[in-house]
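If you want the building blocks of each chain, they are given just below.
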Protein chains: 4
Amino acid sequence: MFEKLKAEVCKANKLLKENNLVRWTSGNVSCRVPDTEYVIIKPSGVHFEELSSENMVVVDLNGKVMEGELKPSVDTESHLYVYKEREDVNSVVHTHSPFATSFAIRGQDLPSYTTTAANVFNHRVPCSDFATIGAEDIGREIVDHIGECPAILMKSHGVFTVGSTIEKALKAAVVLEETAEYAYYATLQEPELKPLSSEIIASCNQFYAASYGQN
Amino acid sequence: MFEKLKAEVCKANKLLKENNLVRWTSGNVSCRVPDTEYVIIKPSGVHFEELSSENMVVVDLNGKVMEGELKPSVDTESHLYVYKEREDVNSVVHTHSPFATSFAIRGQDLPSYTTTAANVFNHRVPCSDFATIGAEDIGREIVDHIGECPAILMKSHGVFTVGSTIEKALKAAVVLEETAEYAYYATLQEPELKPLSSEIIASCNQFYAASYGQN
Amino acid sequence: MFEKLKAEVCKANKLLKENNLVRWTSGNVSCRVPDTEYVIIKPSGVHFEELSSENMVVVDLNGKVMEGELKPSVDTESHLYVYKEREDVNSVVHTHSPFATSFAIRGQDLPSYTTTAANVFNHRVPCSDFATIGAEDIGREIVDHIGECPAILMKSHGVFTVGSTIEKALKAAVVLEETAEYAYYATLQEPELKPLSSEIIASCNQFYAASYGQN
Amino acid sequence: MFEKLKAEVCKANKLLKENNLVRWTSGNVSCRVPDTEYVIIKPSGVHFEELSSENMVVVDLNGKVMEGELKPSVDTESHLYVYKEREDVNSVVHTHSPFATSFAIRGQDLPSYTTTAANVFNHRVPCSDFATIGAEDIGREIVDHIGECPAILMKSHGVFTVGSTIEKALKAAVVLEETAEYAYYATLQEPELKPLSSEIIASCNQFYAASYGQN
């Protein structure tokens, strides 16, 4: 089932590695199958080089494996919680990208210091409370704290991003790491650095939604 | 039109990614078509891997699309402002390279601490005031603050470089990131570090213009 | 002898370079040959690009070369000491990965700040006392200080990891560098940062052993 | 002339880029032609991707171009000064590697904090006084300050390494950057960190010369 979408989810997972957002077997991308109760997700603990369309796992919204020989990601229940609570979300991405995770370790929200951060994340990327891995606790933290932002720092763990498409969730993961890296460098030199003003952030947001990219 | 130059602009855009100066779809290179009112520039929000000679956009100096199916970069008006105001500039490069952007976030000029920085940038790379994306405001900041330097830090945004050729504008973008990275490391260890003296900078500049590279 | 296992040890050594854990010719992976007194190890001072199944060295547990034209790694006696003292260990990995080595230079244990660190290393990665290279002193430091942890920081030198399989020892080396990098970033910003609590670490460990990966 | 050695010098120059020691066109490797008054060196300002055996430049010890269409590196006179003063040196390598250059900017010697640094550099890598580019001033700084060490930090500029073979000079350049990176991380966390003791350094040196690598 869903061969084309499984290929896309597989490719998106591989892009996590190519964009240096994950190492070894950590991190995962999932996608809701449009107009169904199904979700496609990476298998647990498999190397990115070994991923193929064939070993992507199809689960229903209760976590029952519908297709696939392998166990799905240990984060599956949390992905599913997000899909059940947020109808606008069709893709969830999880990474341990380095600079973003260093803010997550400290339990700090990541404020917007650049026009790019303001474009994509508005005022800040929120940081969650600590959540245990393996059930839907992480999903609940995401839904409770992410709001309108496409990204959230998961306390002492890593990052999750969401989007109406795989492309948008992946972009949020890439831009979050860039945002965290630049904020890290700048605030290490200047700890009292002020984020962008509300006026600038509002104008970035408005412009970006209206004008960036192709239609 | 201009197939050879479109291929060069396309290749230069891809070099931004290969030199780790940009991520996802941010950043762009443009080039003036010699002896015309035309400029070739990257389309907006397109992945670097998907760029080809065919999807480069040709605009006139008023921003009217002359050739190309796609919308040009959202920075197009600012590139054009530079071309209109600076006849010596035939290429403009825009990146969000990490260390340079961290100086831009802080609104700090980047002084020259190395012979390479002095060779290419003279005393310092200036930092602009904040400019809104989307119209020609960024172009005006560039023209008002860049002076004889081939690079400028764009406040809370990224960097722009200019040159009489694509090669020179690209080189300024690469050397700027190197310069910012080394200055970052050194000043984090030693915040009161002194830049090079005016005598050394003058001698670097003179030597470099006279002797470096092939004729 | 042991062609298949020599190919695996060769590939594992090359993965050190591909994962940016070593430079030039430093670092090595060895593996015990199951149900024998033999160990396969990288030759000394050979470039990773030049490694092949054919130039892997087979030694017995006394360090006598049984097969191979080249001298084995200068760390061989230390690897053998570990195999002799720890029957549960079938692979030893040695790297000079950057952030982990920076903790080893300072002689600091690396506490767990992330769920991934807790999953793989429990409370902390211990740091050894200084040991001289070339005999079995490093092996003795490993056995005396590593305990149940799959990794140890070798004072002023680098890191060693162990596992019941090559895959597990390699994973420990990759995750150790990630763990050290994130801890470095976070503690540089916030020197008094608290590691994860014992309760969280215990729950991570339990979950990870029971649920992560395929069976 | 010297086709085999020109191919080796060309390959060594490309390795500078592959090991992330240089960017754009900076940096160079040269080699003395055994039993002659000739030296082979990289042309000035040429991209590493465009280097070939054919465009390597052969000069005599007075700097006269004996073979090659292109101008030799602007550092040629300094390389030649080293070859004239140091009969034991058959290869000179110049890079602007990031962390090493950050120590050169600060005018600081780089002390040995790791066994690898002690193996290759003994107590420290010295830092020179400032020297002007283009004549033999840099060469004089090298000869005056490098002593028995295979590497020197060139004040406010970059690094030079020397060796009896290309392989050894290149290795010193790679290990110097590793050494500088690790020392940077460790001393940023702990500014008063003590380098290795003289006893440890002496024992590393002795062991390394006697035992590392193949004969």
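The structure presented is a predicted model; accordingly, all values stated were derived computationally and were not measured.

Student: Could you clarify how one ought to interpret the overall build of chain A in this entry?
Tutor: Per the secondary structure count, chain A includes seven helices and nine strands. Here the C-alpha radius of gyration of chain A, 17 Å, is about what a compact globule of 215 residues would show, namely 17 Å. In terms of its C-alpha atoms, chain A occupies a principal-axis envelope of roughly 50 × 35 × 30 Å. Burial statistics for chain A: of 215 residues in total, 61% are counted as buried. Excluding contacts between residues fewer than 6 apart, the proportion of contacts in chain A whose partners are at least 24 apart in sequence is 63%. When the accessible surface of chain A is summed, it comes to about 8300 Å², and 48% of that surface belongs to carbon and sulfur atoms. Positive and negative charge centroids in chain A, built from 19 and 30 side chains respectively, lie 2 Å apart.

Student: What exactly am I supposed to notice about the relation of the copies chain A and chain C here?
Tutor: Each of the two chain copies can be brought onto the other by rotation about an axis and movement along it. Of the transformation superimposing chain A on chain C, the axial component is 0.0 Å and the angular component is 90°, with the fit at an RMSD of 0.0 Å. Look at the turn and shift together and you get a four-fold axis relating the two. Measuring from the rotation axis to each C-alpha of chain A, the shortest distance belongs to Leu188 of chain A, at 5.8 Å. Interface residue correspondence from chain A to chain C reaches only 7%, placing this contact among heterologous pairings that use different surfaces.

Student: Any chance you could explain the interface of chain C and chain D here in plain terms?
Tutor: One frequent convention defines the size of an interface as the accessible area lost when the parts assemble. Listed as interface residues are 30 residues of chain C and, on the opposing side, 29 residues of chain D. Summed over both partners, the interface of chain C with chain D comes to about 2800 Å²; 58% of that surface belongs to carbon and sulfur atoms. Three residues, Arg23, Trp24 and Arg106 of chain C, lead the burial of chain C against chain D; their summed loss comes to 28% of the area buried on that side. The tally of links from chain C across to chain D stands at two salt bridges. A salt bridge links Glu190 of chain D to Arg106 of chain C, with the nearest nitrogen and oxygen atoms 2.8 Å apart. At the junction of chain C with chain D, the criterion picks out 14 residue pairs in polar contact (both at pLDDT 80 or more).

Student: Is there a simple way to think about the sheet that holds strand β9 (residues 158–163) of chain A in this case?
Tutor: Within a sheet, each strand pairs with its neighbour through backbone hydrogen bonds, oriented either parallel or antiparallel. All names here are of chain A. Spatial strand order, β4-β3-β2-β1-β5-β9-β8: seven strands in an open sheet with antiparallel pairing. A strand with exactly one partner marks an edge of an open sheet, and here the two such strands are β4 (65–67) and β8 (151–154). Each strand axis lies, on average, 25° off the axis of its neighbour in the sheet, ignoring direction. In the packing of helix α5 (residues 137–145) onto the sheet, the strands contacted are β8 and β9, and the crossing angle to β8 comes to about 130°.

Student: Is there a simple way to think about the sheet that holds strand β4 (residues 65–67) of chain C in this case?
Tutor: Residues and elements named next belong to chain C. Strand order across the open sheet formed by seven strands is β4-β3-β2-β1-β5-β9-β8, with antiparallel pairing between neighbours. Two strands bound the open sheet, and with one partner strand each, they are β4 and β8 (151–154). Averaged over neighbouring strand pairs, the angle between their axes works out to 25° when direction is ignored. Here helix α1 (residues 3–18) sits on the sheet and contacts β1 (28–32), β2 (38–41), β3 (57–60), β4 and β5 (91–95); the angle it forms with β1, its principal contact strand, is near 155°. Strands in contact with helix α6 (residues 166–189) are β1, β5, β8 and β9 (158–163); relative to β9, the strand with the most contacts, it is inclined by about 145°.

Student: Just to check I follow, could you spell out the arrangement of the chains for this structure?
Tutor: The two partners chain B and chain C share no contact, and the minimum distance between any of their C-alpha atoms is 12 Å. The two units chain A and chain D remain apart, with a minimum C-alpha distance of 12 Å.

Student: For this particular structure, what's the right way to read the pairing of strand β2 (residues 38–41) of chain A?
Tutor: The two faces of a sheet get side chains in turn, since along a regular strand they alternate between them. Residues and elements named next belong to chain A. Two elements, strand β1 (residues 28–32) and β2, share three bridges in a ladder whose sense is antiparallel. The residue of β2 that forms the bridge with Ser30 is Ile41. The turn joining β1 and β2, which pair antiparallel and follow one another in sequence, is formed by five residues; a positive phi near 60° is taken by Asp35. Both β2 and strand β3 (residues 57–60) contribute to a ladder of four bridges, which runs antiparallel. When the bridges of β3 are listed, Val39 appears paired with Val59.

Student: Would you take a moment to explain the pattern of salt bridges for this structure?
Tutor: For side chains of opposite charge, pairing can occur when their charged atoms come near one another. Residue and element names in this part refer to chain A. For the coordinates displayed, the defined rule picks out 36 salt bridges over all chains. Between Glu49 and Lys17 there is a salt bridge, with its nearest N and O atoms 3.2 Å apart. Of this pair, Glu49 sits in the loop between β2 and β3 while Lys17 sits in helix α1 (residues 3–18), and the two are 32 residues apart along the sequence. Residue classification places Glu49 among the exposed residues on the basis of a relative accessible area of 54%. A residue is classified by how much of its surface remains accessible, and Lys17, at 23% relative accessible area, is partly exposed. Because the salt bridges share partners, they merge into one network encompassing Glu3, Lys6 and Glu67.

Student: Would you explain the packing of aromatic side chains in this entry?
Tutor: On inspection of all chains with the given rule, the structure shows 27 aromatic pairs over all chains. Each ring, one from Phe2 of chain C and one from Tyr38 of chain C, has its centre 5.9 Å from the other, and the planes form 55°; the classification is tilted. Highlighted residues: Phe2 of chain C in the segment before α1 and Tyr38 of chain C in strand β2, separated in sequence by 36 residues. Here Phe2 of chain C falls in the partly exposed class, since its relative accessible area comes to 26%. Through a chain of ring-to-ring contacts, three or more aromatic side chains come together here, namely Phe99, Tyr184 and Tyr185 of chain A, Phe99, Tyr184 and Tyr185 of chain B, Phe99, Tyr184 and Tyr185 of chain C together with Phe99, Tyr184 and Tyr185 of chain D. When the ring centre of Phe48 of chain A is taken as origin, the NZ or CZ atom of Lys42 of chain A, which lies over that ring, is 4.8 Å away.

Student: How do you make sense of the relation of the copies chain C and chain D when you look at a structure like this?
Tutor: Each copy of the sequence occupies a distinct position, and chain C is placed on chain D by a rotation of 90° and an axial shift of 0.0 Å, giving an RMSD of 0.0 Å. Both copies present different contact surfaces, since only 7% of the interface residues of chain C are interface residues in chain D too.

Cut-off values and rules
- Residues numbered from 1 in each chain as written.
- Chains lettered and ligands numbered in written order.
- Predicted model: local features only at pLDDT ≥ 70, side-chain atom pairs only at ≥ 80, totals over all residues.
- Heavy atoms only, no water.
- Helix = DSSP H or I, 4+ residues; strand = E, 2+ residues; numbered from the N terminus.
- Rg over C-alpha atoms; globule rule 2.2 N^0.38 Å.
- Buried < 20%, exposed > 50% of the residue type's maximum accessible area, 1.4 Å probe, protein only.
- Contact = heavy atoms within 4.5 Å.
- Areas by Shrake-Rupley, 256 points an atom, 1.4 Å probe, with all protein chains shown as cover.
- Lys, Arg positive; Asp, Glu negative; His and termini not counted.
- Charge placed at Lys NZ, Arg CZ, Asp CG, Glu CD.
- Least-squares fit on C-alpha atoms with pLDDT ≥ 70 in both.
- Buried area = accessible area lost by both parts, 1.4 Å probe.
- Salt bridge = Lys/Arg side-chain N within 4 Å of Asp/Glu carboxyl O.
- Polar contact = N/O pair within 3.5 Å; in protein donor to acceptor, adjacent residues only side chain to side chain.
- Pairing = 2+ DSSP bridges.
- Axes fitted to C-alpha atoms, helices over the stretch in contact; angles between N-to-C directions.
- Phe/Tyr/Trp six-rings, centres within 6.5 Å; stacked < 30°, edge-to-face > 60°.
- Lys NZ or Arg CZ within 6 Å of the ring centre and 35° of its normal.

Structural measurements only, silent on function.
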